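Examination of the molecular architecture
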Amino acid sequence: MATSIAAVSGGASGASYALQAARREAQQAEQTARSLGAQAQSAQRVANVEQARADNLSAQASDANERSATARGNVSAASNASNSPANTAPAPRSVPFVNASGQTTGLLLNAVA
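Residues numbered from 1 in each chain as written. Predicted model: local features only at pLDDT ≥ 70, side-chain atom pairs only at ≥ 80, totals over all residues. Heavy atoms only, no water.

1. Concerning the overall build of the protein chain
What counts here: Only runs of H or I of at least four residues qualify as helices and only runs of E of at least two qualify as strands under DSSP, and these elements are numbered from the N terminus. For the exposure calls, accessible area comes from a 1.4 Å probe over protein chains only, and a residue counts as buried if that area is under 20% of its type's maximum, exposed if over 50%, partly exposed in between. Contacts are residue-level and defined by heavy atoms, with any inter-residue pair within 4.5 Å sufficient. Throughout, the Shrake-Rupley method with a 1.4 Å probe supplies accessible areas, and for residues the shown protein chains are the sole cover considered.
Tallying secondary structure elements over the protein chain gives one helix and two strands in all. Listed N to C, the secondary structure of the protein chain is α-β-β in terms of helices and strands. Within the protein chain, buried positions represent 2% of all 113 residues. Sequence-distant contacts, at least 24 apart, represent 3% of the contacts inside the protein chain between residues at least 6 apart. Accessible surface, the protein chain as shown: approximately 9500 Å² in total, 56% of it carbon and sulfur.

2. A few points about the pattern of salt bridges
Threshold: By salt bridge we mean one thing: a side-chain nitrogen of Lys or Arg within 4 Å of a carboxyl oxygen of Asp or Glu.
Following the criterion strictly, the structure yields three salt bridges and no others. Here Arg34 makes a salt bridge to Glu30, at a shortest N to O gap of 3.7 Å. One end of the pair is Arg34 and the other is Glu30, both in helix H1 (residues 12-83) and four residues apart, which spans about a single turn. Taking relative accessible area as the criterion, Arg34 reaches 54% and is therefore assigned exposed. Between Arg67 and Asp63 there is a salt bridge, with its nearest N and O atoms 2.6 Å apart. Of this pair, Arg67 and Asp63 both sit in helix H1, four residues apart, which is roughly one turn of that helix. Look at Arg67 and you get exposed, because its relative accessible area is 51%.

3. A look at the confidence of the model for the protein chain
Filter applied, for reference: Note on scores: pLDDT gives the predictor's confidence for each residue, bounded by 0 and 100.
Summing up the model confidence of the protein chain, the mean pLDDT is 81 and the portion of residues at 70 or higher is 71%. Strand S2 (residues 104-109) is the least confidently modelled element of the protein chain, averaging 66 in pLDDT, while H1 averages 93, the highest of any element.

Printed below as a string of structure tokens:
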């Protein structure tokens, strides 16, 4: 901010007033600059914290995506294994049921499958 000090008619008192005004303006500008600098530093600290938080959330999201892909792969593998003819349980077979006296009285079915 450029300020020009015009020559004031009135001699030394006019120059003294202009000098005081210029000093006041310089002090105010310094205070404003310090305040804005402090605000900028504070904003930078907040931005750094938020960037670290964003980085952490990104890492968590990446980890969750990997776990999701692994889980989907496991579901697919389990689904394929259960549909495969080599892994299906054999059909239940009929077993004669024999009572205590040794007589066949019916069939025992394997109902666990």
